[in-house]
Amino acid sequence: MIINSNMKKVFFVAILLLAGTTVFAQKGKVSSAENYKESGKLDKALETIEQTVDPNNDKSDKTLDWPRTWEVRGEIYQAIFASKDENYKKLSDHPLEEAYKSYMKALSLDDKGRYANGIKIKLTFLIQDLTKAAVNAFQAEKYDEATKYFENILDIEKTDMFKKDTPVDTVIIYNTGLAATNAKQYKKAIDYFKECIKYDYNGGASYGQIISAYEAMGDTTAAVNSMKEGFEAYPESQNILVSLINYYMSKNKSEDAISYLDKAIEKDPKNPTFYFAKGAALDKLGRSDEALKAYQQATEVNPKFADAYYNMGVVYFNRGVKQLEVAAKIPPTEQDKYEAEKGKADVQFKKAIPYMEKASELNPKDRFILEHLKNLYYRLKMMDKFKEVQAKLDSLK
């Protein structure tokens, strides 16, 4: 059979029409999936759209690289997330993650920007859903999940279409750091909090979180360096100041602790705990008179600060104990001298009593304070008081 040139043209056109029909059929499935979604048949919608992105489907090569395919897929998964029908919710364990991946895939394929406006609208609504899901996951203590949702939001906001007209979302960056911290993803958390510092958001608190993360990782050097760096950048931050104070106190570096405590008191003179901590640091250095003054200042700021009264009593008690050690070194033949030195100890023990009594008055069920008082009363032969305290201790058993 001879085929003339006109027949060849007809045959060629027929082939093109056939190819076009195949492409149209596959893209028609995308439209069908969208229609199923619009009519609320999410199971049918999901089944249909998945056929268009299945690499094992010979016909999916016509839709795999079409931005609209992935945009519709994102819509379907987002609808599954929003559905109140439990059967539809079971269609996907992570619908928002799939929606996110789909929209981002659509964005990467849309090199000519034909679908950009529609995708941006979808992503804007997705950010709202991701934020809701992140907060719910955080409250449910699913911190890894919350971190992932927050990171999805940040990734969307970093795209060119959002970056040009959307300010840096420092709140989400900070929340991502918090979620990562709770998920024990400390290195990741540190990176997010450093980003907050870069944008001068919640600087003192961000440094505080970095310090805590380094401490959780066991990196004391990095934690201390962050404390010092943070204090230089945000000297008004009490969180950083307290971290430094606690560090130096824990390392028995009392002089350093006192230096930062003085700065803390200067910034917040109405905080009794700073005076109390300074008293403890001074006492460790053997500067008991200064320690007493600091404890007294703590009680002036907070007259109900039981621990401060107790520590004042301890200062006098310890002085009495040291004086007894002096008395114990006197030879038995020098009884008068021994009694004189022992009497000096009793003077200190008597001074301790009012402070111990005040501490007990404020904390009447504290057995430790009562035991201390009982011993003092016994030593000073105050037997009525001794019996009274013993009765209180018995009632607490």
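Residues numbered from 1 in each chain as written. Predicted model: local features only at pLDDT ≥ 70, side-chain atom pairs only at ≥ 80, totals over all residues. Heavy atoms only, no water.

Asker: Pulling in residues and values, what's your account of the nonpolar core?
Answerer: Ranked by internal contacts, the top residues of the largest apolar core, which has 108 residues, are Ile 76, Leu 123, Leu 126, Ile 156 and Ile 245. Apart from the residues lying within four places of it in its own chain, the contact partners of Leu 123 are Tyr 103, Leu 107, Ile 156, Met 161 and Phe 162. (Core = buried A, V, L, I, M, F, W, Y, C linked by side-chain atoms within 4.5 Å. Buried < 20%, exposed > 50% of the residue type's maximum accessible area, 1.4 Å probe, protein only. Contact = heavy atoms within 4.5 Å.)

Asker: Lay out helix H11 (residues 203-217) with the relevant residues and their values.
Answerer: With 15 residues, H11 extends 21 Å between its outermost C-alpha atoms, agreeing within 8% with the 21 Å of an ideal straight helix rising 1.5 Å per residue. Of the positions making up H11, those classed as buried are Gly 203, Gly 204, Ser 206, Tyr 207, Gly 208, Ile 210, Ile 211, Ala 213 and Tyr 214. The inward-facing, buried residues of H11 contact helix H9 (170-182), helix H10 (186-198), helix H12 (220-233) and helix H13 (238-250). Downstream of H11 by one or two residues, Gly 218 has phi in the positive range, about 80°. (Helix = DSSP H or I, 4+ residues; strand = E, 2+ residues; numbered from the N terminus. Expected span 1.5 Å × (residues − 1).)

Asker: I'd love a proper account of the layout of surface pockets, names of residues and values included.
Answerer: Of the pockets and cavities examined, the largest pocket occupies roughly 240 Å³. Around the largest pocket, the lining is made up of 13 residues, and of these Phe 81, Ala 133, Asn 136, Glu 145 and Tyr 149 lie nearest the centre. Looking at the lining of the largest pocket, the elements with two or more residues in it are helix H5 (95-109), helix H6 (116-139) and helix H7 (143-157). Of the residues forming the lining of the largest pocket, the biggest block, four residues, is contributed by H6. Looking at the lining of the largest pocket, its residues break down into seven nonpolar, two polar and four charged. Estimated volume of the second largest pocket: approximately 190 Å³. Lining the second largest pocket are Leu 154, Glu 157, Lys 158, Lys 163, Thr 166, Pro 167, Val 168, Asp 169, Ile 173, Glu 195, Lys 198 and Tyr 199. Going through the elements one at a time, H7 and H10 are the ones with two or more residues in the lining of the second largest pocket. (1 Å grid on protein atoms, 1.4 Å probe; cavity = no way out; pocket = protein on both sides within 12 Å on 5 of 7 lines; lining within 4 Å. Points joined across faces, edges and corners; volume = space filled by probe spheres on them. Nonpolar A, V, L, I, M, F, W, Y, C, P; charged D, E, K, R; others polar.)

Asker: Lay out the domain arrangement of the chain with the relevant residues and their values.
Answerer: What the domain assignment reports for the chain is domain 1 (27-165), domain 2 (167-251) and domain 3 (304-396). With centres defined by C-alpha atoms, the gap from domain 1 to domain 3 works out at 73 Å. (Domains from an automatic or database assignment.)

Asker: Any details on the UniProt feature "repeat: TPR" (unreviewed entry) in the chain? Residues and values, ideally.
Answerer: UniProt feature "repeat: TPR" (unreviewed entry): in the numbering of this structure it lies at residues 170-203, 238-271 and 272-305. Span residues 238-271 is 79% helix and 0% strand, its end C-alpha atoms 11 Å apart. Overall, residues 272-305 shows 79% helix and 0% strand. The separation of its end C-alpha atoms is 8 Å. (UniProt positions renumbered as here; feature names shortened; annotations may be inferred.)

Asker: Outline the side chain of Ser 83, supporting the account with residue identities and numerical values.
Answerer: Mapped onto the elements of the fold, Ser 83 is located in the loop between helix H3 (67-82) and helix H4 (86-89). In this structure Ser 83 touches Leu 42, Tyr 88 and Lys 89, once residues within four positions along its chain are discounted.

Asker: Could you give me a rundown of the environment of Lys 62, with the residues and numbers involved?
Answerer: Secondary-structure assignment places Lys 62 in the loop between helix H2 (42-52) and H3. Between the alpha carbons of Lys 62 and Thr 52 there is a distance of 8.1 Å; along the sequence they are ten residues apart.

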